[in-house]
Amino acid sequence: MFYLSKSRYTAALQCPKKLWMNTFKPELADDSAAAVFAVGNEVGDLARKYFGNYVLADFDAGFEGMIEQTRAFMEQGAENIAEASFSVDGLFCSVDILHKTPTGWDLVEVKSSTGLKDTYLDDMAFQYFVLTQCGVRVSGVYNLHINRDYVRRGDLDLHGLFTKEDYTETVLRKQAQVAINIADIRRYMAMCDDFEPERDIGPWCESPYKCTYYGYCSRHLPENNVFDLQRFAKDKQFDLYYRGIVSYEDILAHDVKLNKAQLLQVKSAVEHLPPHIDKKGIRDFLAQLTYPLYHLDFETYQPPVPQHDGERPYMQVPFQYSLHIQRTAGAEPEHREHLGIAGTDPRRALAEQLCRDIPKDVCSLAYNMQFEKMIIRQLAEQFPDLTEHLMNIHDHMKDLMLPFQKRYYYSEAMGKSYSIKYVLPAMYPNEPSLDYHNLVGIHNGGEAMAAFPDLPNHTPEEQAVIRKNLLAYCGLDTYAMVKVLEKLYEFALS
């Protein structure tokens, strides 16, 4: 009999081949979601305290050991059991929290998200099925997730941080379907026991999560395919794909309706066109800039659990910025930077330094300024004494992304993105000093976001190296802006 856990069950509901891959070819999975699981573990550990004292079924004891521990805890009268484990007929599940009530046991599923997804209901329905098959009287089924509106003030309030929602009736209505699903999954796995099943890519590859095997299952796609089209709806992409319109050449041959930006993208790749340069658009953009000019970039992290007063769950907390200052157009830039101290609230020191580094009434420049503006607004709200200066910076900001978003400049090398990580190598293809891959330790915002809060877990010597790498990464972000702007002036004057 094929062994089925709740994670295998929900994987199969998304795509049965995903379960087959998990079983027979797990080494082909993209493991880039590790940080997401770490966040889930942090939230799960904290949620166990929501109902008070608890006992924990120890994962190190193995599945059989966890089941025996759970049985003993229930017999001993435990009020709350974390990772309560049950098995019946080849089915297994661990319940995040099993909470005792006067009429039985509440099944509580903990999620680090700020709302419900359909897959959570399938997860809870499977657990209810297993527990009731084991003879457990389940009095209610609940989802405990992060409350996006919670603002920390003083000590952490678990009942404010988490929202508890009752899904008992919904789970009960799913029970007949759970039994059918289990039978279908087992039949599928038995049928494909000796060979890899064939299944084409489809919308299920990204719903409810991007499948970790998408790269493997989509390896037949040509370079430059319909899924690379910028701002082209996913359902329309699959509609073209199923009609056999896959490559950019197919798109042109079938005269697919595209907007100007998409058509430029496709033709540039197929015909290898030289870079598209709209000199008037570039000149109009440059005319909006005034000097001295302050190139600004923030780095942030997003703790699911607010660490300091005034923080909300998953709030973008700035811990670092880089600033390249040009006194006149084309001048050699002056560099300033700030990097907070991990383990402390970095916002006040950062906001104060920012006000010292950027005077009032000057033009600052960001790449995708909506992000930088959001951070500045949050700082202004948190620190009223700095509000006037911070909002002055906010109100005098311009966006370097605009010429690329509006296609005043476009190169085949940019593909479907106008992120600076694509624009920069398109403009400077052979400049090692501008290549993010040549950085040490920190190569992108995700790595920076993970590295800063993890600093206290390292030795002082290791911290010094990581801080140096963080400064180098953020510094390249604003230096890249200087170099991109330099090219725009070249195009405008040529």
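Just so you know, these numbers come straight off a predicted model, no measurement behind them.

Asks: Outline the overall build of the protein chain, supporting the account with residue identities and numerical values.
Replies: Scanning the protein chain from terminus to terminus reveals 20 helices and 14 strands. Counting only C-alpha atoms and orienting by the principal axes, one finds that the protein chain spans roughly 80 × 60 × 40 Å. Here the protein chain holds 494 residues, and 49% of them are scored as buried. Carbon together with sulfur atoms contributes 51% to the accessible area of the protein chain, which is approximately 23,900 Å² in total. Across the protein chain, the mean location of the 51 positive side-chain charges is 5 Å away from that of the 69 negative side-chain charges.

Asks: A description of the nonpolar core should follow, citing residues and the corresponding values.
Replies: Ranked by size, the top nonpolar core spans 60 residues in total, and within it Leu131 and Ile201 carry the most contacts. For this core, the element with the most residues is helix α5 (residues 118-133), which contributes nine residues. The next biggest cluster of nonpolar side chains, apart from the first, holds 47 residues, and it includes Leu289, Val317, Leu339 and Leu400.

Asks: Let's hear about the pattern of salt bridges: which residues, and what values?
Replies: This model, assessed by the stated rule, comprises 24 salt bridges. Linking Glu109 and Lys111 is a salt bridge whose minimum nitrogen-to-oxygen distance equals 3.1 Å. Per residue, the accessibility class of Glu109 equals that of Lys111, and both read buried. A salt bridge links Asp385 to Arg348; the nearest nitrogen and oxygen atoms lie 2.6 Å apart. On the criterion of sequence distance, the pair formed by Asp385 in the loop between α15 (369-382) and α16 (387-395) and Arg348 in helix α14 (residues 347-357) is long-range, its members being 37 residues apart. Classification of Asp385 by relative accessible area gives exposed; the value is 55%. Judged by its relative accessible area of 28%, Arg348 falls in the partly exposed class. One connected set of salt bridges, linked through shared partners, spans Lys6, Glu109, Lys111 and Asp123.

Asks: Go over the packing of helix α1 (residues 6-14) against helix α2 (residues 16-24) with me, naming the residues and quoting the values.
Replies: Running from amino to carboxyl end, α1 crosses α2 at an angle of 135 degrees, the nearest separation of the two axes being 5 Å. In terms of axis orientation, α1 runs oblique to α2. Contacts between α1 and α2 involve Arg8, Ala11, Ala12 and Gln14 on the former and, on the latter, Pro16, Lys18, Leu19, Asn22 and Thr23.

Asks: With reference to specific residues and values, describe the packing of aromatic side chains.
Replies: Inspection of the entire model under this criterion finds 20 aromatic pairs. Ring geometry for Tyr409 against Phe491: centres 5.1 Å apart, planes inclined by 5 degrees, an arrangement best described as stacked. You can see Tyr409 sitting in strand β14 (residues 409-410) and its partner Phe491 sitting in helix α20 (residues 460-493), a full 82 residues away along the chain. Given a relative accessible area of 14%, Phe491 falls into the buried group. An aromatic cluster is built from Tyr3, Phe59, Phe63 and Phe92, whose rings are joined through pairwise contacts. One residue, Arg199, lies across the ring of Trp204, its end atom 4.0 Å from the ring centre. The cationic tip of Arg219 hangs over the ring face of Tyr216; the distance from NZ or CZ to the ring centre is 4.0 Å.

What counts as what
Residues numbered from 1 in each chain as written. Predicted model: local features only at pLDDT ≥ 70, side-chain atom pairs only at ≥ 80, totals over all residues. Heavy atoms only, no water. Helix = DSSP H or I, 4+ residues; strand = E, 2+ residues; numbered from the N terminus. Buried < 20%, exposed > 50% of the residue type's maximum accessible area, 1.4 Å probe, protein only. Areas by Shrake-Rupley, 256 points an atom, 1.4 Å probe, with all protein chains shown as cover. Lys, Arg positive; Asp, Glu negative; His and termini not counted. Charge placed at Lys NZ, Arg CZ, Asp CG, Glu CD. Core = buried A, V, L, I, M, F, W, Y, C linked by side-chain atoms within 4.5 Å. Salt bridge = Lys/Arg side-chain N within 4 Å of Asp/Glu carboxyl O. Axes fitted to C-alpha atoms, helices over the stretch in contact; angles between N-to-C directions. Parallel < 35°, antiparallel > 145°, perpendicular 65-115°, else oblique. Contact = heavy atoms within 4.5 Å. Phe/Tyr/Trp six-rings, centres within 6.5 Å; stacked < 30°, edge-to-face > 60°. Lys NZ or Arg CZ within 6 Å of the ring centre and 35° of its normal.

Function cannot be read off these values alone, since they describe shape.
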